[in-house]
Amino acid sequence: YAATVLIWGASWYGIKLQLGVVEPAVSVMYRFAAASLIFMAWCLLRGVRLRFSARQHGFAALMGLLMFCLNYVVFYVASAEVTTAFVALSISLTVILNSLFGSWFLGRPMRPVVVVGGLAGVAGIALVF
């Protein structure tokens, strides 16, 4: 938990430092281009093959567009206007949205523990705000 908090917290601090240097969309592109290169190098070093079907590529592209590109551009823009701590808290709500969308679009049943945990998280975020 501590490692997650430190790493995730540091990323939001990095976002704050990056704001204003270039447009938010360019900042997101830099961030994910770097992450892609690191991921590809890791896969090469580990011998992980990255072969996917056309359908899997399409799904990954859609997920990347919605969950990373648009989502992060919106949050980078918000970070310029609102304290990044509040932005970080609000982005944590994506766990709930991912569960809902997984249920709606992929037909995966929502587990009761996820619903309870999501509601507890929303309550905690409401208290902070």
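Quick notes on the rules
Residues numbered from 1 in each chain as written. Predicted model: local features only at pLDDT ≥ 70, side-chain atom pairs only at ≥ 80, totals over all residues. Heavy atoms only, no water. Core = buried A, V, L, I, M, F, W, Y, C linked by side-chain atoms within 4.5 Å. Buried < 20%, exposed > 50% of the residue type's maximum accessible area, 1.4 Å probe, protein only. Helix = DSSP H or I, 4+ residues; strand = E, 2+ residues; numbered from the N terminus. Axes fitted to C-alpha atoms, helices over the stretch in contact; angles between N-to-C directions. Parallel < 35°, antiparallel > 145°, perpendicular 65-115°, else oblique. Left-handed = near helix turned anticlockwise from the far one by under 90°. Contact = heavy atoms within 4.5 Å. Nonpolar A, V, L, I, M, F, W, Y, C, P; charged D, E, K, R; others polar.

A. Spotlight on the nonpolar core. Counting 10 residues, the largest nonpolar core is built from Trp 12, Ile 15, Leu 19, Val 28, Tyr 72, Phe 75, Tyr 76, Val 87, Ala 88 and Ile 91. Among the secondary structure elements, those contributing two or more residues to this core are α1 (2-18), α3 (54-81) and α4 (84-91).

B. How the structure looks around the packing of helix α2 (residues 24-46) against α3. Orientation of α2 relative to α3, taken along the N-to-C sense of each, is 125°, at an axis distance of 9 Å. On the basis of the axis angle, α2 is oblique to α3. Every pair of crossing elements has a handedness; the one defined by α2 and α3 is right-handed. Across the interface between the two elements, Pro 24, Ala 25, Ser 27, Val 28, Arg 31 and Phe 32 of α2 pack against Phe 68, Cys 69, Tyr 72, Val 73, Tyr 76 and Val 77 of α3. Taken together, the residues that form the contact of α2 with α3 break down as 10 nonpolar, one polar and one charged.

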